[in-house]
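Geometric and topological summary
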Amino acid sequence: MTEGGAVLPWLVIRQDEGGNRYRVGRYATRAEAERVADRLGTRGHQQLYVVEKADRAVT
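Residues numbered from 1 in each chain as written. Predicted model: local features only at pLDDT ≥ 70, side-chain atom pairs only at ≥ 80, totals over all residues. Heavy atoms only, no water.

Here we take up the side chain of D16. Along the chain, D16 falls in the loop between β3 (10-15) and β4 (21-27). Of the buried charged residues, D16 lacks a salt bridge, with R14 as the closest side chain of opposite charge at 4.9 Å. A polar contact is formed between the side chain of D16 and the backbone nitrogen of G18, at a distance of 3.0 Å. Within the structure, D16 has its side chain in polar contact with the backbone nitrogen of N20 (distance 3.0 Å). (Helix = DSSP H or I, 4+ residues; strand = E, 2+ residues; numbered from the N terminus. Buried < 20%, exposed > 50% of the residue type's maximum accessible area, 1.4 Å probe, protein only. Lys, Arg positive; Asp, Glu negative; His and termini not counted. Salt bridge = Lys/Arg side-chain N within 4 Å of Asp/Glu carboxyl O. Polar contact = N/O pair within 3.5 Å; in protein donor to acceptor, adjacent residues only side chain to side chain.)

On to the nonpolar core. Core analysis: the biggest nonpolar cluster contains nine residues, these being W10, V12, Y27, A33, V36, A37, L40, Y49 and V51. Only β3, α1 (30-41) and β5 (48-53) provide two or more residues apiece to this core. If one sorts the elements of this core by residue count, α1 sits on top with four residues. (Core = buried A, V, L, I, M, F, W, Y, C linked by side-chain atoms within 4.5 Å.)

This structure, assessed with the given rule, holds two salt bridges. R21 is paired through a salt bridge with E52; the nearest N and O atoms lie 2.8 Å apart. Taken together, the residues R21 in strand β4 and E52 in strand β5 connect sequence positions 31 residues apart. With a relative accessible area of 19%, E52 lands in the buried category. In this structure, the salt-bridge partner of E34 is R30, at a minimum N-O distance of 2.7 Å. Here R30 and E34 lie together in helix α1, a separation of four residues that amounts to about one turn. A residue is classified by how much of its surface remains accessible, and R30, at 38% relative accessible area, is partly exposed.

A separate point is the sheet that holds β3. Strand order across the open sheet formed by three strands is β4-β3-β5, with antiparallel pairing between neighbours. This sheet does not close on itself; its edge strands, each paired only once, are β4 and β5. Geometrically, the sheet is characterised by an average inter-axis angle of 25° between neighbouring strands, direction not taken into account. As paired strands, β3 and β4 are joined by six bridges and run antiparallel to one another. Pairing of R14 across the sheet is with Y22, part of β4. Of the strands in this sheet, β3, β4 and β5 are in contact with α1, which crosses β5 at around 170°. (Pairing = 2+ DSSP bridges. Axes fitted to C-alpha atoms, helices over the stretch in contact; angles between N-to-C directions. Contact = heavy atoms within 4.5 Å.)

These results come straight from atomic positions and should not be treated as a statement about function.
Now the structure itself:
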């Protein structure tokens with residue numbers, strides 16, 4: 001998938017306590033997606049943030 005011509009295969013997914021999953025964003029590299037997920041995860045909320053490759057993600 002492309003956004004402005006860039007390939008963005010890495011997703012950050014938020015999963016809440018009820019098991020609901022939401023795509024937070026798409027990123028060009030796994031490292032970039034992991035930095036975002038780590039930053040969001042340190043905010044003290046009960047949500048889980050995971051990184052998945054777009055072709056394997058179920059969103």
